[in-house]
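# Descriptive structure summary
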Amino acid sequence: MAHPALDTIACPDCDLPQTIPPLPPGGSARCARCHETIARNPSDPIQRPLALTVAAAIVYLIANTMPLMGLSAVGREATTTILGGAQQMWLEGSEITAVAVAFCAVVAPGGYILFVLSVLLAVRKPPAPPWVGDLLRFAAFMQPWSMNEVMLLGILVALIKISQLAEVVPGVGIFSVGILVVLLAAIAATFDRHMVWTHVEWADGTLPAADPYTRLGARIPA
Amino acid sequence: MSAEALGAASAGYVSCTTCRLLSRPAQPDAPGYCPRCGARLVRRRHRSIEYTWALVVAAAILYIPANALPVLTTTTLGSEESDTIITGVIFLYRSGSWFLALIVLVASVMIPLGKLVALGYLCLSVQRGWVRNNHDRAKLYHLVELIGRWSMLDVFVDAFIVALVQLKPLMSVEPGAGVVYFMAVVVLTMLAAQSFDPRLIWDAHPPARGRHG
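Below is a short write-up of the structure. (Residues numbered from 1 in each chain as written. Chains lettered and ligands numbered in written order. Predicted model: local features only at pLDDT ≥ 70, side-chain atom pairs only at ≥ 80, totals over all residues. Heavy atoms only, no water.)

### Focus on the packing of helix α3 (residues 95-122) of chain A against helix α4 (residues 131-142) of chain A
Residues and elements named next belong to chain A. Taken N-terminus to C-terminus, the directions of α3 and α4 make an angle of 150 degrees; their axes are 8 Å apart at the nearest point. In terms of their interaxial angle, α3 and α4 are classed as roughly antiparallel. Seen from above, α3 lies across α4 with left-handed handedness. Where α3 abuts α4, its residues Phe-103, Val-107, Ala-108, Gly-111, Tyr-112, Phe-115, Val-116, Ser-118, Val-119 and Ala-122 lie against Trp-131, Val-132, Leu-135, Leu-136, Phe-138, Ala-139, Phe-141 and Met-142. For the contact of α3 with α4, the class distribution of residues is 16 nonpolar, 2 polar and no charged. (Axes fitted to C-alpha atoms, helices over the stretch in contact; angles between N-to-C directions. Helix = DSSP H or I, 4+ residues; strand = E, 2+ residues; numbered from the N terminus. Parallel < 35°, antiparallel > 145°, perpendicular 65-115°, else oblique. Left-handed = near helix turned anticlockwise from the far one by under 90°. Contact = heavy atoms within 4.5 Å. Nonpolar A, V, L, I, M, F, W, Y, C, P; charged D, E, K, R; others polar.)

### Some points on the interface of chain B and chain A
Facing 70 residues of chain B, the contacting portion of chain A comprises 73 residues. Of the roughly 6300 Å² buried at the junction of chain B and chain A (both faces included), carbon and sulfur atoms supply 71%. The largest contributions to the chain B side of the interface with chain A come from B:Arg20, B:Phe160 and B:Leu164, which together make up 14% of the buried area. Here chain B and chain A share 3 salt bridges between them. On inspection of chain B and its partner chain A, the count reaches 13 residue pairs in polar contact (both at pLDDT 80 or more). Elements with a contribution of two residues or more to the side of chain B that touches chain A: β2 (22-23), α2 (85-94), α3 (98-127), α4 (134-147), α5 (153-164), β5 (166-167), β6 (171-175) and α6 (178-195) of chain B. (Buried area = accessible area lost by both parts, 1.4 Å probe. Salt bridge = Lys/Arg side-chain N within 4 Å of Asp/Glu carboxyl O. Polar contact = N/O pair within 3.5 Å; in protein donor to acceptor, adjacent residues only side chain to side chain.)

### A few points about the nonpolar core
Within the largest apolar cluster, 101 residues are counted, with the highest numbers of intra-cluster contacts made by A:Met69, A:Leu71, A:Phe191, A:Val196, B:Met152 and B:Phe156. It is α3(A) that provides the largest number of residues to this core, a total of 16 residues. In this structure, A:Leu71 is in contact with A:Arg76, A:Glu77, A:Ala78, A:Ile162, A:Ala166, A:Glu167, A:Val168, B:Leu164, B:Val165 and B:Leu167, ignoring residues within four places of it in sequence. Core analysis: the next-biggest nonpolar cluster, separate from the first, contains 21 residues, A:Leu16, B:Leu122, B:Phe196 and B:Leu200 among them. (Core = buried A, V, L, I, M, F, W, Y, C linked by side-chain atoms within 4.5 Å. Buried < 20%, exposed > 50% of the residue type's maximum accessible area, 1.4 Å probe, protein only.)

This is the structure in structure tokens:
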């Protein structure tokens with residue numbers, strides 16, 4: 001199938017075709033018509049997001065295993081974890097809500113971190129095999145449903161509401177979720193998924209060429 | 001000026017929605033698959049407006065039980081008390097946290113309603129072929145995509161309160177029937193925003209110049 005030079009892309013928001021000039025490290029380009037950012041050239045597109053993703057994976061495990069908060073009232077105590085929030089919903093008969101909470105709070109962030117981590121590990125040695133593209137697709141699917149920052153605010157509102165009824169103690173989990181929110185935002189800022197496509201072997205067997213507008217493409221022996 | 005710049009689709013090119021490779025398929029009506037990433041190529045999201053309308057209408061219907069039914073039921077020593085989203089906001093306001101009350105009010109009431117109105121307006125504007133305010137409509141779409149997730153706030157609040165306050169028989173909190181409808185409104189409006197193709201905003205041309213293909 002015919003295609004123009006790789007530095008010509010259509011804006012994903014308004015479909016205007018345009019040629020992206022070489023970008024300086026850390027630079028980005030905006031669409032000439034709708035002004036949305038259409039290309040980025042992160043100064044360190046693999047190592048930096050990789051370090052952040054490894055950190056996020058560790059913090060994710062801590063956030064999901066440590067208690068989020070504890071409650072003590074009339075001599076009784078209780079604690080909960082992130083998954084505990086979904087579990088109790090399930091037990092109380094709101095199974096569908098429980099599944100949605102578990103997906104947005106646990107599955108989607110975990111999947112996103114796992115897929116981005118595998119993609120970054122795989123593209124270190126180009127050309128990356130085509131299945132890297134599938135992992136990237138999964139990561140892109142998970143991203144809008146990964147709601148750690150919304151959950152963090154939800155936990156804080158829940159804490160304040162419960163504190164009217166009983167004594168609540170914030171746990172290690174809350175602080176871990178806070179750190180995870182910051183790390184996920186940092187991954188989003190340093191990881192450019194379009195960079196990855198320039199490293200992946202094509203579905204039709206073509207090997208990736210040097211990326212024209214980031215100049216960070218794979219170096220393949222001739 | 002903006003109307004003179006035409007999209008890639010009108011020039012016979014298809015931009016892959018997955019990897020953004022621009023390619024020129026032999027048959028523009030059946031573009032096949034992306035040579036780079038293997039994803040199915042589409043010029044515009046499949047039946048974008050129909051899907052978006054269907055999801056918006058479904059979410060608008062569910063918005064009624066989501067607000068009318070209780071989201072939490074608190075049992076204290078045998079006496080039951082039910083809270084809807086609005087009474088939950090009033091509770092927060094009365095207990096002195098007017099700022100939190102405002103956050104929950106915005107996230108749970110205003111954002112879902114605003115999304116429904118905004119997506120309905122965007123669909124209508126595309127169906128009518130409006131050519132004005134393209135930049136504003138594109139910004140509105142991005143705003144809807146960006147803030148939509150925050151409506152999930154109340155679902156998380158309810159989940160964690162239910163998880164923690166289980167001190168039977170003294171005091172316990174159960175989820176109400178409204179929470180599942182509310183969650184459905186949030187998920188359906190997010191899906192509606194995902195099925196709307198923002199490129200449609202730019203496809204219409206001013207009538208004075210006539211329609212180009």
